[in-house]
Amino acid sequence: MNSIRLGWAVASLVTVLSWPPADGAAQSKPAAGAEWPMAGKDYANTRFSELAEISSANAKDLRLAFTFSTGVVRGHEAAPVVVGHTMYIVTPYPNILYALDLTKPGAPTKWKFEPKPLAAAQGVACCDVVNRGVAYSNGRIYFSTLDGQTIAVDAQSGKQAWRVKLGDITRGETITMAPLVVKDKVLVGNSGGEYGVRGWLTALDAASGKIVWRAYSTGPDKDVLIGPKFKPFYATDQGKDLGVSSWPSEAWKIGGGTVWGFVSYDPELNLVYYGTANPGPWNPHQRPGDNKWTSGIFARDADTGEARWFYQTSPHDVHDWDGVNENVLVDLDIKGAKRKVLVHPDRNGYVYVIDRASGEVLSAEPYAYITTSSGVDLKTGRLRYAPEMEPKLGRVVRGACPGSAGAKDWQPSAYSPRTRLLYVPQQNICQDVEASQTSYIAGTPYVGMDVRMRPGPGGHRGEFSAWDPALGRKMWSVKEDLPVWSGALVTAGDVAFYGTMDGWFKAVDARSGSLVWQFKTGSGIVGQPMSYQGPDGKQYVAILSGIGGWPGAIVAGDLDVRDGTAAAGWGNVLKDLPQKTTKGGMLYVFALP
C-alpha cells in the first residue's frame with residue numbers, strides 16, 4: 001500500500017474509516033474524494049464523497065456531462081470506479097470491462113476487456129445476470145464473471161494478468177459480488193443459495209490469483225476456519241462444529257449461506273466483515289435447527305481467514321432474509337462513550353448497531369413495517385419470530401412483512417460523517433407465502449416456497465430514508481411508488497443521491513430529504529451512484545441505468561406477470577413495471593455548468 005496515500009486518507013476522515021488505492025496508475029496525489037477505487041468507496045463501505053462542489057443549494061443546476069452505452073440490456077447493479085483519470089465499469093453478463101478516458105471530451109473508450117464467460121451461466125443465475133462491480137489496487141482491476149471466474153487486468157493496458165476458476169455452474173454456482181482487495185489479497189464470495197450451493201469467502205493472492213484461504217459458511221469448524229480465536233458474543237454461537245450439528249444429517253452440504261454482498265475491512269483490528277446468505281432450501285421445515293452459519297455476519301482475520309466472531313441475524317431463517325446486507329463501519333458516541341461499531345440494516349427489518357470488536361449487539365431497531373417478528377432480545381441476541389407468520393406446508397400465510405426481499409435487499413446504504421445519518425434505499429413489501437416439499441438436484445432450483453408479494457401499508461412500494469444509528473430513529477423518509485433498488489450516495493455537499501426503478505435519478509437534501517433535482521434516464525435504475533473529481537477539477541456524479549436484478553427481471557427477462565409467482569413473487573406486486581420502464585444499459589454522468 002502506498003504510505004503517502006494512506007496518510008492522506010486518515011487525515012481526511014475523523015469518524016469514518018477510509019482507504020485510498022495503492023495507485024500504480026495516477027502519479028500525483030489526488031484531492032480527498034477525487035477517486036472512487038472500489039464499489040463501496042472505502043473499506044468502511046460508507047459511499048461518502050468528500051467532494052462538496054455540488055451542494056444542496058446548487059444541485060438544481062446539475063447538467064448531463066456525457067453518456068456511454070454499455071451495449072448490454074440486463075440489470076446494471078455495478079458502481080463505476082474511478083482511479084486517476086480513468087473510469088472503469090463492468091456490465092452484467094457477458095461481464096464486459098470498459099476503461100473510459102476522462103481526459104477527453106465524451107470520455108471515449110480507452111480499452112475494453114471481454115472475458116467471454118460460459119453462456120450456460122445465465123441459466124443458473126437466480127436473480128438476473130447482474131454484476132455489482134470491480135475493485136482497483138496496485139495498478140490492476142479485479143472483477144468476477146457470472147460463470148465463477150475471478151480475473152485481474154492491468155489497469156493501464158487492459159491486458160489480462162491472471163484468471164482463476166472458483167465456481168461450478170453445473171451445481172448452480174455463480175459469482176455476482178464486487179471483490180474487495182485487502183493488503184495483498186482479493187476477497188471473493190459465491191452466489192447460488194437458491195440452488196443449494198454451499199457458501200464460501202475465498203482470499204486470492206493479488207499477484208498470482210492463487211487461493212490463500214477459503215472459509216465455508218456451513219460444515220465442520222475446520223472448513224469454516226473456526227479455531228481457538230473464535231469468540232462469539234452470544235452463547236448460541238458457541239460450541240463445536242455447530243455448522244454440522246445445527247442441521248439435519250448432511251443437509252449442511254447443500255445448505256446455502258453464500259457470500260454475494262459487500263465486504264468491509266477495519267485496518268486497525270485487521271478484521272473483514274461480511275454477511276452470509278439464506279439457508280437452503282427456503283422451506284424451513286426441511287432443515288430444523290439454527291442452520292449455522294447462514295443468515296448472519298462473520299468477522300474474520302484478514303490475513304488467515306480465521307473466524308473471530310459471528311452473529312446470526314435470522315437464526316433458522318424462515319423468510320429468505322439472508323444476512324448479506326452491507327456492514328458500514330463507523331465510530332459512534334453511544335451513551336457517552338465512543339464505540340467502534342458496524343451498522344447493518346438487515347432484510348428482517350431491523351438496523352443493527354454491533355460492536356465490531358466483540359460482536360455484541362448494542363441496538364436493533366425497526367426501520368420498516370414488521371409483522372414477522374416482535375423485536376430482538378439484546379441479552380441473547382435472538383430475533384423473536386412471530387410463529388403465526390412463519391411459512392406453513394400446504395397452507396397460505398398472508399401478510400408477512402417484510403417479505404422475502406426484506407425491508408431492503410443488497411442495495412447499499414450510505415453514511416455521512418457530517419450529518420451522522422445512514423441513507424437507506426428500501427422497499428415496503430409484504431407477501432403471502434406457502435411452503436412446499438422440494439428435492440435437491442444439483443444445478444436446479446432448491447426452494448420449496450410459493451411467494452406472492454404485495455405493497456405494504458400505505459400502498460407505496462419503496463422508500464428512501466435517513467436513519468440516525470446512534471439514536472436508533474428514522475429522521476426523514478421519501479415515499480416512492482416502486483421499490484428503491486438502487487444504492488445510495490451521500491456527499492460533503494450534504495446531497496444524497498439514489499435512483500428509481502422507472503428511471504429517475506434523484507438528489508435530495510441530506511438533512512431534510514427535500515427533492516432538489518431529478519433526471520429521467522432511459523431505463524430503470526438499480527445501480528450504485530458514485531462521485532469523483534474530473535481532470536478539470538470539477539465534481540461529477542455517475543450512475544448506471546439499466547433495469548434488472550431480482551425485481552427488475554420482470555422487464556429484463558421478459559417474464560409473464562400474469563403469473564404472480566414470477567421472479568419469486570415480484571410478478572404479483574410489479575405487474576405495472578413493464579409499463580413504467582424498458583430495457584437499457586447506459587452510463588450517465590452529471591456536473592454543474
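We now turn to the structure provided with this report. (Residues numbered from 1 in each chain as written. Predicted model: local features only at pLDDT ≥ 70, side-chain atom pairs only at ≥ 80, totals over all residues. Heavy atoms only, no water.)

1. A few points about the state of the cysteines
Turning to step 1, where the next piece is worked out: Applying the stated criterion across every chain yields a total of two disulfides.
Turning to step 2, where the next piece is worked out: Between the sulfur atoms of Cys-401 and its disulfide mate Cys-430 the distance is 2.1 Å. On the sign convention where negative is left-handed, the bridge of Cys-401 and Cys-430, at about 110 degrees about the S-S bond, is right-handed. With a gap of 29 residues between them, Cys-401 in the loop between strand S25 (397–400) and strand S26 (414–416) and Cys-430 in strand S28 (residues 429–435) connect regions that are remote in the sequence.
Turning to step 3, where the next piece is worked out: Given a relative accessible area of 4%, Cys-401 falls into the buried group.
Turning to step 4, where the next piece is worked out: When the cysteines engaged in disulfides are numbered in sequence order, the protein pairs them as 1-2, 3-4. (Disulfide = S-S within 2.5 Å. Helix = DSSP H or I, 4+ residues; strand = E, 2+ residues; numbered from the N terminus. Buried < 20%, exposed > 50% of the residue type's maximum accessible area, 1.4 Å probe, protein only.)

2. Description of the sheet that holds strand S9 (residues 149–154)
Turning to step 1, where the next piece is worked out: With antiparallel pairing, four strands are arranged side by side in an open sheet as S7-S8-S9-S10. The two strands at the open ends of the sheet, each matched to only one other strand, are strand S7 (135–137) and strand S10 (160–165). Neighbour-to-neighbour, the strand axes of the sheet open up by a mean angle of 20 degrees, direction not taken into account.
Turning to step 2, where the next piece is worked out: Looking at chain direction, S7 and strand S8 (residues 140–144) are connected through three bridges and run antiparallel. Along S8, the bridge assignment pairs Ala-135 with Tyr-142. (Pairing = 2+ DSSP bridges. Axes fitted to C-alpha atoms, helices over the stretch in contact; angles between N-to-C directions.)

3. As for the sheet that holds strand S3 (residues 81–83)
Turning to step 1, where the next piece is worked out: Judged by pairing direction, the sheet is antiparallel, and its four strands sit side by side in the order S3-S4-S5-S6 without closing on themselves. Edge positions in the sheet fall to S3 and strand S6 (109–113), since each of these pairs with one other strand and no more. Put simply, the sheet's adjacent strands are angled 20 degrees from each other on average, direction ignored.

4. Description of the layout of surface pockets
Turning to step 1, where the next piece is worked out: Computed from the structure, the largest pocket encloses a volume of approximately 730 Å³.
Turning to step 2, where the next piece is worked out: Residue lining of the largest pocket: 44 residues in total, with Ala-125, Cys-126, Cys-127, Glu-194 and Trp-550 positioned closest to the centre.
Turning to step 3, where the next piece is worked out: At the level of secondary structure, the elements contributing two or more residues to the lining of the largest pocket comprise strand S29 (449–455) and helix H4 (549–556).
Turning to step 4, where the next piece is worked out: Residue classes in the lining of the largest pocket are distributed as 21 nonpolar, 13 polar and ten charged. (1 Å grid on protein atoms, 1.4 Å probe; cavity = no way out; pocket = protein on both sides within 12 Å on 5 of 7 lines; lining within 4 Å. Points joined across faces, edges and corners; volume = space filled by probe spheres on them. Nonpolar A, V, L, I, M, F, W, Y, C, P; charged D, E, K, R; others polar.)

5. Some details on the environment of Pro-232
Turning to step 1, where the next piece is worked out: Examined against the element boundaries, Pro-232 turns out to sit in the loop between helix H2 (221–224) and helix H3 (242–245).
Turning to step 2, where the next piece is worked out: A relative accessible area of 8% places Pro-232 in the buried class.
Turning to step 3, where the next piece is worked out: For the pair Pro-232 and Phe-310, spaced 78 residues apart in the sequence, the C-alpha separation amounts to 5.5 Å.
Turning to step 4, where the next piece is worked out: Sequence-distant contacts of Pro-232, defined by excluding residues within four places in its chain, comprise Asp-237, Gln-238, Arg-308, Trp-309 and Phe-310. (Contact = heavy atoms within 4.5 Å.)

6. A closer look at the pairing of S28
Turning to step 1, where the next piece is worked out: Counting buried positions along S28 gives six out of seven residues, so the element sits mostly inside the fold.
Turning to step 2, where the next piece is worked out: As paired strands, S28 and S29 are joined by seven bridges and run antiparallel to one another. Paired with Glu-434 across the two strands is Asp-450, which belongs to S29.

7. Focus on the environment of Trp-570
Turning to step 1, where the next piece is worked out: Summarising the element assignment, Trp-570 is placed in helix H5 (residues 570–573).
Turning to step 2, where the next piece is worked out: By relative accessible area, which is 0% here, Trp-570 ends up buried.
Turning to step 3, where the next piece is worked out: Sequence separation between Trp-570 and Ala-470 is 100 residues; the distance between their C-alpha atoms is 34 Å.
Turning to step 4, where the next piece is worked out: In this structure Trp-570 touches Ala-405, Ile-429, Met-453, Pro-483, Trp-485, Trp-550, Pro-551 and Ile-554, once residues within four positions along its chain are discounted.

8. Overview of the side chain of Asp-468
Turning to step 1, where the next piece is worked out: Positionally, Asp-468 belongs in strand S30 (residues 462–468).
Turning to step 2, where the next piece is worked out: For the buried Asp-468, no salt bridge is present, and the opposite-charge side chain at shortest range is Arg-473, 6.0 Å distant.
Turning to step 3, where the next piece is worked out: Polar contacts involving the side chain of Asp-468 include one to the main-chain amide nitrogen of Ala-470, which spans 2.9 Å.
Turning to step 4, where the next piece is worked out: Not counting chain neighbours up to four residues away, the residues in contact with Asp-468 comprise Arg-420, Leu-421, Arg-473 and Met-475. (Lys, Arg positive; Asp, Glu negative; His and termini not counted. Salt bridge = Lys/Arg side-chain N within 4 Å of Asp/Glu carboxyl O. Polar contact = N/O pair within 3.5 Å; in protein donor to acceptor, adjacent residues only side chain to side chain.)

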